[in-house]
Amino acid sequence: MSTERRAVSNQIADELEACGVGLVASLPDDWVSDLIKVVEADDRFIHVPVNREESAVGLCSGTFFSKTYSAAVMGASGMLTCVYAVTKINYTYDIPMFFLVSMRGAVGDTAKYQVSNGIYFLDVLDTIDLPYKVIESRDQLSEIPRVHRHSRVYSRPSAVILSREVLNGEA
């Protein structure tokens, strides 16, 4: 892990702690792998790797009832697979949830199989009225607590979408 990527991942972990997040569920994605490693090694968090994105929705939604703040970390394609679970569980029962998602498929992504995500990912979030903030520079990471707090006020999920440049420590 490069020094820049570690610094960004540490900053994100600090912002999660500022939110009061105690549990992080994650599904691997190349762009968030460094963040997952940092969270997994950090005693401030219980880290739960999941094998399906919907499992992260169920786990993080359940923590709401124990008054534990949580975050789900995944790639854009993973978030897209959660649409049914989010609209069925979180929207039906007004359960807040917080996502940290890599902006796969955006300009700069060199993985051709991710391009389709960039075409419709944000449009899908807009369609289901899921509030999000796209983070394109490191100084915007301080917005994480504000977006997390919004999910609690709104009683619905919200997301921070992380660009490749931020996650790589380039912006």
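Scroll up to find the structure.
So, a few notes on the structure that sits alongside this text. (Residues numbered from 1 in each chain as written. Predicted model: local features only at pLDDT ≥ 70, side-chain atom pairs only at ≥ 80, totals over all residues. Heavy atoms only, no water.)

**Overview of the environment of Pro145**
Mapping Pro145 onto the fold places it in helix α7 (residues 144–154). In this structure Pro145 comes out as buried when scored by relative accessible area, which is 16%. C-alpha of Pro145 to C-alpha of Gly20: the two residues are 125 residues apart in sequence and 9.0 Å apart in space. With residues near it in sequence (within four places) discarded, Pro145 still touches Glu15, Ala18 and Cys19. (Helix = DSSP H or I, 4+ residues; strand = E, 2+ residues; numbered from the N terminus. Buried < 20%, exposed > 50% of the residue type's maximum accessible area, 1.4 Å probe, protein only. Contact = heavy atoms within 4.5 Å.)

**Some words on the side chain of Thr63**
In this structure, Thr63 sits in helix α3 (residues 53–65). Filtering out sequence-adjacent residues up to four positions away, Thr63 remains in contact with Leu23, Thr68 and Ser70.

**As for the packing of aromatic side chains**
In total, this model carries one aromatic pair according to the counting rule given. Centroid distance Phe64 to Phe65: 5.2 Å. Interplanar angle 70°. Geometry classified as edge-to-face. When the ring centre of Tyr91 is taken as reference, the NZ or CZ atom of Arg156 above it lies at 3.7 Å. (Phe/Tyr/Trp six-rings, centres within 6.5 Å; stacked < 30°, edge-to-face > 60°. Lys NZ or Arg CZ within 6 Å of the ring centre and 35° of its normal.)

**Focus on the sheet that holds strand β3 (residues 69–75)**
One open sheet accounts for six strands, arranged β2-β1-β3-β4-β6-β5; its pairing is parallel. Two strands bound the open sheet, and with one partner strand each, they are β2 (46–49) and β5 (132–135). When the angles between neighbouring strand axes are averaged without regard to direction, this sheet yields 20°. Two elements, β3 and strand β4 (residues 97–102), share four bridges in a ladder whose sense is parallel. Each residue of the ladder has a partner; that of Val73, found in β4, is Leu100. Packing of helix α6 (residues 115–127) onto the sheet brings it into contact with β4, β5 and β6 (157–162), and relative to β5 it is tilted by some 155°. (Pairing = 2+ DSSP bridges. Axes fitted to C-alpha atoms, helices over the stretch in contact; angles between N-to-C directions.)

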